[in-house]
Amino acid sequence: MKSDIFTGTVPALMTPCKADRTPDFDTLVAKAKELVGLGMSAVVYCGSMGDWPLLTTEQRMEGVERLVKAGIKVVVGTGAVNTATSAAIAAHAQKVGAHGLMVIPRLLSRGTVVAAQRLHFKAVLAAAPKLPAVIYNSPYYGYSTKADLFFQIRAEHPNLVGFKEFGGYDDLSYAANAITGASPDLKLMIGVDTAVYHGYVNCNADGAITGIGNVLPREVLHLVSLCKAAQKGDAEARRLAFDLDSAMQVLSEVDAGPDLVLFFKHMMVLRGEAAYTHHFTEGDELSASQKGFIEAQLKMFDAWYADWAKQPEARKYAA
C-alpha cells in the first residue's frame, strides 16, 4: 500500500460559506488549486477545519467529489457521530477516486472504550481497503490511540499506513517512539501548527497537516523547507527553522483551540478573501477582543517575516 500521500505539506481546507449558510464549493476548489499551485502536496477535507460537524453527509461528499474532479489530491476526513456514517464517507471517498483517509475515532457513544474504538477503526478501514489511511489522534476527541491498538489494527488492515498526531509535543514524541519509528513505511503527520519544528526535527515526521497554511502558505512552505533541511543535519537551517517556527507560534496556537475556524477565516478575510466572511451557524463569530488580538499579531508577523526573509541565508531555503 503506497503511503506517499502522507508526506509533504497538506493544508486542512476550510469550507467557505455563502451568505445563506450553504457551502461555496466553487471557492473551495479554487482555494485548493491555489494552494497546490504554490507547492502544497495535497489537501485534507473535511477535518475539523472543514467544519465537518456542521455539514450534512451529502454536502461533505459533494465537496470531496468536486475536489477530485478538479484534479486535486484529497485526503478525506471521516469524523461522524456513528460508525456507519464514517464508513459510508470512506466508501464514497474510494468510489470517487480520493487519495487517502484520515480516520477519526468514534465520538460520544462509547468513545473512551478501547474495544469500541477498535471496531470503529476496522469498519472505516474495511469500507475503503484501497485507500491508504492514517488514524487521527486528538485529545479534543476524548480518545488517544496507543501503539498496541494501532498495530493490532494494522495487522488486519494494511491500508493503515500512519498516524496523524494533534496532541502536541509529548504526543508527537510518543507516536514517533512507539508507533511510526517501527518502519519507514509508517508515516507520521504533524497535526497541529505549533509543533512543526518539533515534529520534523525531534520526531522524524514525514509531513504536516496545517491550518495556518491556508493563511500563510508561502511562509509555512518556507518553514517546512527549513525543517526538512534540518532533518538532514543542516545547522543553519535548524537555527532558521526555529526562528520562523517561534515567530509563527501565536498565530499557530489558534489551531489548537475551539475557535480555530473562526480565527483562520477572519485572517483570510484580512487577506482580502471575502468568501470566508460567513459561518454555517448563526451567531458564530469572534469577540471584538479576539479580532483585535489576532489582527495585531498577524500584522506583527507580516512585518517580522518581511524583514527576516531578506537574509540571504533565509532566502536560500524559500520554497
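Counting from 1, residues in each chain are numbered in the order their sequence is written. Given that this is a predicted model, residues contribute local features only at a pLDDT of at least 70 and side-chain atom pairs are listed and counted only at 80 or more, while totals for whole chains, interfaces and linings are drawn from all residues. To obtain the side-chain values, all non-hydrogen atoms of the structure were included, while hydrogens and water were left out.

**Section: the overall build of the protein chain**
Right, on to step 1. Only DSSP runs of H or I reaching four residues or more are called helices, and only runs of E reaching two or more are called strands; each is numbered from the N terminus. Counting secondary structure elements, the protein chain contains 13 helices and eight strands.
Right, on to step 2. Here the globule rule reads 2.2 Å times residues to the power 0.38, and the radius of gyration is calculated from C-alpha atoms. Relative to the globule expectation of 20 Å for 319 residues, the C-alpha radius of gyration of the protein chain, 19 Å, shows essentially globular dimensions.
Right, on to step 3. In terms of overall dimensions, the protein chain has a C-alpha envelope of 50 × 50 × 35 Å along the principal axes.
Right, on to step 4. Note on classification: 1.4 Å probe, protein chains only; a residue is buried when its accessible area is under 20% of the maximum for its type, exposed when over 50%, partly exposed between these limits. Buried residues in the protein chain amount to 55% of all 319 residues.
Right, on to step 5. At a minimum sequence separation of 6, the contacts of the protein chain that also span at least 24 residues come to 74%.
Right, on to step 6. Using a 1.4 Å probe, accessible areas were evaluated by the Shrake-Rupley method; residue-level cover was limited to the displayed protein chains. When the accessible surface of the protein chain is summed, it comes to about 12,900 Å², and 53% of that surface belongs to carbon and sulfur atoms.
Right, on to step 7. Positive and negative side-chain charges in the protein chain, numbering 31 and 33 respectively, have mean positions lying 6 Å apart. Contacts are assigned to residue pairs that have any heavy atoms within 4.5 Å of one another. We count Lys and Arg on the positive side and Asp and Glu on the negative side, and we leave His and both chain ends out. The location of each charge is read from NZ of Lys, CZ of Arg, CG of Asp or CD of Glu.

**Looking at the side chain of Lys31**
Right, on to step 1. If you trace the backbone, Lys31 turns up in helix H1 (residues 25-38).
Right, on to step 2. Each polar contact in these results corresponds to two N or O atoms within 3.5 Å; when the atoms are within protein, one needs to be able to donate a hydrogen and the other to accept it, and residues that are neighboring in sequence are counted only if both atoms are side-chain atoms. Within polar-contact distance, the side chain of Lys31 engages the side chain of Glu34 at 3.0 Å.

**Focus on the pattern of salt bridges**
Right, on to step 1. Put simply, a salt bridge is a Lys or Arg side-chain nitrogen that is within 4 Å of an Asp or Glu carboxyl oxygen. The tally for this structure, following the rule as stated, stands at 10 salt bridges.
Right, on to step 2. Close ionic contact of Glu34 with Lys31 constitutes a salt bridge, the shortest N to O distance being 3.0 Å. Here the residue Glu34 and the residue Lys31 both occupy positions in helix H1, the gap between them amounting to three residues, near one helical turn.
Right, on to step 3. Judged by its relative accessible area of 38%, Glu34 is partly exposed.
Right, on to step 4. Glu236 is the partner of Lys316 in a salt bridge, and the nearest nitrogen-oxygen pair spans 2.8 Å. In this pair, Lys316 sits in the segment after helix H13 (312-315) while Glu236 sits in helix H9 (residues 235-247), placing the two residues 80 residues apart along the sequence.
Right, on to step 5. Salt bridges here are not isolated pairs; linked through shared partners, they connect Asp26, Glu62 and Arg66.

**Brief notes about unusual backbone geometry**
For residues that are not glycine, phi is negative in most cases, and the peptide bond is trans in most cases.
Right, on to step 1. Residue Cys46 follows Tyr45 across a cis peptide bond; omega there is -10°.
Right, on to step 2. You can see Cys46 is positioned in the loop between strand E2 (43-45) and helix H2 (57-69).
Right, on to step 3. Its identity is not glycine, yet Arg110 carries a phi of approximately 55°, on the positive side.
Right, on to step 4. Note on placement: Arg110 falls in the loop between strand E4 (100-103) and helix H4 (114-127).
Right, on to step 5. On the basis of relative accessible area, Arg110 is assigned to the partly exposed category, the value being 46%.
Right, on to step 6. In this model, Asn204 sits at a positive phi of 60°, which is unusual for a non-glycine residue.

**Quick word on helix H8 (residues 217-231)**
Right, on to step 1. Here the expected span of a helix is defined as 1.5 Å times the quantity of residues minus one. Between its terminal C-alpha atoms H8 stretches 21 Å, which fits the 21 Å expected from 15 residues at 1.5 Å a residue.
Right, on to step 2. In terms of burial, H8 is a largely internal element, 11 of the 15 residues being buried.
Right, on to step 3. When we look at burial in H8, the residues that qualify are Pro217, Glu219, Val220, Leu221, His222, Leu223, Val224, Leu226, Cys227, Ala229 and Ala230.

**Regarding the packing of aromatic side chains**
Right, on to step 1. Only Phe, Tyr and Trp rings take part, Trp by its six-membered ring, and two of them pair if their centres are within 6.5 Å. Stacked means planes under 30 degrees apart, edge-to-face means over 60, and tilted covers everything else. Under the defined criterion, the tally for this structure stands at nine aromatic pairs.
Right, on to step 2. Plain terms: the ring middles of Phe150 and Phe151 are 5.3 Å apart, the flat faces sit at 85° to each other, and that makes the pair edge-to-face.
Right, on to step 3. When its relative accessible area of 0% is taken as the criterion, Phe150 is described as buried.
Right, on to step 4. Through pairs of rings, three or more aromatic residues link up here, namely Phe301, Trp304, Tyr305 and Trp308.
Right, on to step 5. Our definition puts a charge over a ring when NZ of Lys or CZ of Arg is within 6 Å of the ring centre and also within 35 degrees of the ring normal. Looking at Lys146, its charged tip hangs above the ring of Tyr174, at a distance of 4.6 Å from the centre.
Right, on to step 6. Taking NZ or CZ as reference, Lys164 lies 3.5 Å from the ring centre of Tyr136, over its face.

**Let's talk about the packing of helix H6 (residues 169-178) against helix H7 (residues 196-203)**
Right, on to step 1. In contact at an axis separation of 10 Å, H6 and H7 are set at 30° when each is read in the N-to-C sense. Classed by the angle they form, the pair H6 and H7 counts as roughly parallel. Note on packing geometry: the crossing formed by H6 with H7 is right-handed. Here Tyr169, Leu172, Ser173 and Ala176 of H6 come into contact with H7, specifically with His198, Gly199 and Cys203. Think of each axis as a best-fit line through the C-alpha atoms, taken over the contacting stretch in the case of a helix, with angles from 0 to 180 degrees between the N-to-C directions. Any angle that falls under 35 degrees is termed roughly parallel, while one over 145 is termed roughly antiparallel, one within 65 to 115 roughly perpendicular, and all others oblique. In this scheme the handedness of a crossing depends on how the near helix is turned from the far one: anticlockwise by less than a right angle means left-handed, clockwise means right-handed.

**Remarks on the pairing of strand E3 (residues 74-77)**
Right, on to step 1. A two-sided burial pattern is seen for E3, the buried positions comprising Val74 and Val76 on one face and Val75 and Gly77 on the other.
Right, on to step 2. Strand pairing requires that DSSP identify at least two bridges connecting the strands. Bridge count for E2 against E3 is three bridges, and the pairing is parallel. Looking across to E3, one finds that Tyr45 is bridged to Val76.
Right, on to step 3. Viewed with both strands pointing away, a crossover whose connecting path from the first strand over the helix to the second turns clockwise is right-handed. In this fold, the crossover linking E2 to E3 by way of H2 has right-handed handedness.
Right, on to step 4. Looking at chain direction, E3 and E4 are connected through three bridges and run parallel. Directly across from Val75, in E4, lies its bridge partner Gly100.
Right, on to step 5. Handedness of the crossover joining E3 and E4 through helix H3 (residues 83-96) is recorded here as right-handed.

**Here's the deal with helix H11 (residues 260-270)**
Right, on to step 1. Counting buried positions along H11 yields nine of 11 residues, so the element is predominantly enclosed.
Right, on to step 2. Contacts from the buried residues of H11 go to H1, helix H10 (249-253) and helix H12 (288-308).
Right, on to step 3. Remark: Gly272 follows H11 within two positions and exhibits a positive phi of approximately 95°.

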